[in-house]
Amino acid sequence: ITYDKDDTDVPDAQKDALTAFAKEALKADKVVVINAYASGNKEEETVANRISLSRALALRVFLIEQGLDGGRVNVKALGMKNPGGAADRADLSFN
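All of these numbers come straight from a predicted model, not from anything done at the bench.

The rules behind the values
The written sequence of each chain sets the order in which its residues are numbered from 1. A pLDDT threshold of at least 70 governs which residues receive local features in this predicted model, and a stricter bar of 80 or more applies before side-chain atom pairs are shown or counted, although totals over entire chains, interfaces and linings include all residues. Where side-chain values are given, they derive from all heavy atoms of the structure, hydrogens and water being excluded. By the criteria applied, helices consist of DSSP H or I runs no shorter than four residues and strands consist of E runs no shorter than two, each listed in order from the N terminus. Working definition: with a 1.4 Å probe on protein chains only, accessible area under 20% of the residue-type maximum means buried, over 50% means exposed, and in between means partly exposed. Joining through side-chain atoms within 4.5 Å is the link that ties buried Ala, Val, Leu, Ile, Met, Phe, Trp, Tyr and Cys residues into a set, and such a set is a nonpolar core. In this description, contact between two residues means that some pair of their heavy atoms is separated by no more than 4.5 Å. Here the expected length of a helix is defined as 1.5 Å per residue gap, with one fewer gap than residues. The reported arc concerns the directions from the helix axis to the C-beta atoms and nothing else. When two rings of Phe, Tyr or Trp (its six-membered ring) have centres within 6.5 Å they constitute a pair, described as stacked for plane angles under 30 degrees, edge-to-face for angles over 60, and tilted for the intermediate range.

A. Fine view of the environment of T46. The topology assignment puts T46 in helix α2 (residues 45-65). A residue is classified by how much of its surface remains accessible, and T46, at 47% relative accessible area, is partly exposed. Along the primary structure T46 and M80 are separated by 34 residues, whereas in three dimensions their C-alpha atoms are 9.5 Å apart.

This is the structure:
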């Protein structure tokens, strides 16, 4: 899921896909992992960490509202520790 630089809300355009993802995770009885990232420079590292945390938590709340158990949704706010791809994003997976 990609974001504009400072956005933290779940993007409306992604809600249908996230609902489908939640249904798949429920069906498979899997733990969901959310890795959230945010762009910035060295002086903005704390801000980037907070933005990534806000994104991860907003996604977690959305998934819980879709029926997932909150204990099975793990969040990682990684700030600027981006291994590649869009700088302002969240990656969701289940295992």
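Moving on, there is more to tell.
B. Expanded view of the nonpolar core. In this structure, V32, I34, L59, L63, L68, V73 and A90 are the most contacted members of the largest nonpolar core, which totals 16 residues. Of all elements in the fold, only α1 (15-28), β1 (32-36) and α2 reach the threshold of two or more residues within this core. Setting aside anything within four residues of it in sequence, one finds L59 in contact with I1, Y3, V10, L18, I34, A90 and L92.

C. α2, seen in detail. In this model α2 runs 30 Å from its N-terminal to its C-terminal C-alpha over 21 residues, within 8% of the 30 Å that 1.5 Å per residue would give. Listed as buried for α2 are A48, I51, S52, R55, A56, L59, F62 and L63. Projected down its long axis, α2 shows its buried positions confined to an angular sector of 130°, all on one face. Opposite the buried face of α2, by more than 90 degrees, sit the exposed residues R50 and E65. Where α2 is buried, its residues touch α1, β1, β2 (73-77) and β3 (90-94).

D. Representation of the packing of aromatic side chains within the structure. Overall, the coordinates contain one aromatic pair when judged by the stated rule. With a centroid separation of 5.3 Å and 55° between ring planes, the pair formed by F21 and F94 is classed as tilted. Of this pair, F21 sits in helix α1 while F94 sits in strand β3, and the two are 73 residues apart along the sequence. By relative accessible area, F94 is classed as partly exposed at 31%.

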